[in-house]
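Chain by chain, the residues:
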Amino acid sequence: MGEIGPARLGQAHYRAAVDVRAGPRLEPAAEDEKPKPRTSQADKWAANLAAARQFYEREGHLRVPRKHIERIVGEDQEERELRLGAWIGNQGSRAATLSPERAEQLSAIGMRWT
């Protein structure tokens, strides 16, 4: 078959093939292009618990509508929107598997386990 060259492929296809063989020409991402670090499960729990406390302090109960979004300001001073209604519902359905510490934290702010 022989070597692939410009005579066999045509000039444009040859340049494309050579570029592919050379590998990608990557440059490091700029600081503003880098992804944010992932949030740990413990941090997610803490943020949702803070949202539940905020809701409880404002409303006096934890009967949160399933579609309710709670806005909180995190430790990094950024505002976040958390799907508190879904989170509270999920914790209720996971009551048997929650750690005693987490169950107590929710009970302390009025979580109903029925």
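Residues numbered from 1 in each chain as written. Predicted model: local features only at pLDDT ≥ 70, side-chain atom pairs only at ≥ 80, totals over all residues. Heavy atoms only, no water.

Peer 1: Just checking my understanding: could you explain the nonpolar core for this structure?
Peer 2: For soluble globular proteins, nonpolar side chains are generally found buried alongside one another. Core analysis: the biggest nonpolar cluster contains 17 residues, and Ala52, Leu62, Leu84, Trp87, Ile88 and Leu106 have the highest contact counts within it. Going through the elements one at a time, helix H3 (41–59) and helix H4 (84–93) are the ones with two or more residues in this core. Looking at this core, the element that brings in the most residues is H3, giving 6 residues. Not counting residues within four places of it along the chain, the set of residues in contact with Ile88 comprises Ala52, Leu62, Val64 and Met111. (Core = buried A, V, L, I, M, F, W, Y, C linked by side-chain atoms within 4.5 Å. Buried < 20%, exposed > 50% of the residue type's maximum accessible area, 1.4 Å probe, protein only. Helix = DSSP H or I, 4+ residues; strand = E, 2+ residues; numbered from the N terminus. Contact = heavy atoms within 4.5 Å.)

Peer 1: It is not clear to me how the pattern of salt bridges should be interpreted in this structure. Could you clarify?
Peer 2: Side chains that carry opposite charge are capable of pairing whenever their charged atoms lie near each other. Throughout the structure, instances matching the rule amount to 6 salt bridges. Between Arg58 and Glu70 there is a salt bridge, and its shortest N-O distance comes to 2.7 Å. Of this pair, Arg58 sits in helix H3 while Glu70 sits in strand S1 (residues 70–73); the two residues are 12 residues apart in sequence, bridging distant segments of the chain. Looking at Arg58, the relative accessible area reads 45%, which means it is partly exposed. Here Glu70 falls in the buried class, since its relative accessible area comes to 2%. What you see here is one network of salt bridges that share partners, running through Arg58, Glu59 and Glu70. (Salt bridge = Lys/Arg side-chain N within 4 Å of Asp/Glu carboxyl O.)

Peer 1: How do you make sense of the packing of H3 against helix H5 (residues 100–108) when you look at a structure like this?
Peer 2: As a packed pair, H3 and H5 sit with axes 11 Å apart at the nearest point and diverge in direction by 15°. Compared by their axis directions, H3 and H5 come out roughly parallel. The hand of the H3/H5 crossing is right-handed. On the side of H3, the interface is formed by Ala42, Trp45 and Leu49, while H5 contributes Arg102, Gln105 and Leu106. (Axes fitted to C-alpha atoms, helices over the stretch in contact; angles between N-to-C directions. Parallel < 35°, antiparallel > 145°, perpendicular 65-115°, else oblique. Left-handed = near helix turned anticlockwise from the far one by under 90°.)

Peer 1: Sorry, what's going on with the packing of H3 against H4 here?
Peer 2: Any two packed helices are characterised by how steeply their axes cross, that is the angle between the axes, and by the distance between the axes. Put simply, H3 and H4 touch, their axes get as near as 10 Å, and they point 105° apart. Between H3 and H4, the interaxial angle falls into the category roughly perpendicular. Packed against H3, whose contacting residues are Trp45, Asn48, Leu49, Ala51, Ala52 and Phe55, the element H4 presents Leu84, Trp87, Ile88 and Gln91 at the interface. When its residues are assigned to classes, the contact of H3 with H4 shows 8 nonpolar, 2 polar and no charged. (Nonpolar A, V, L, I, M, F, W, Y, C, P; charged D, E, K, R; others polar.)

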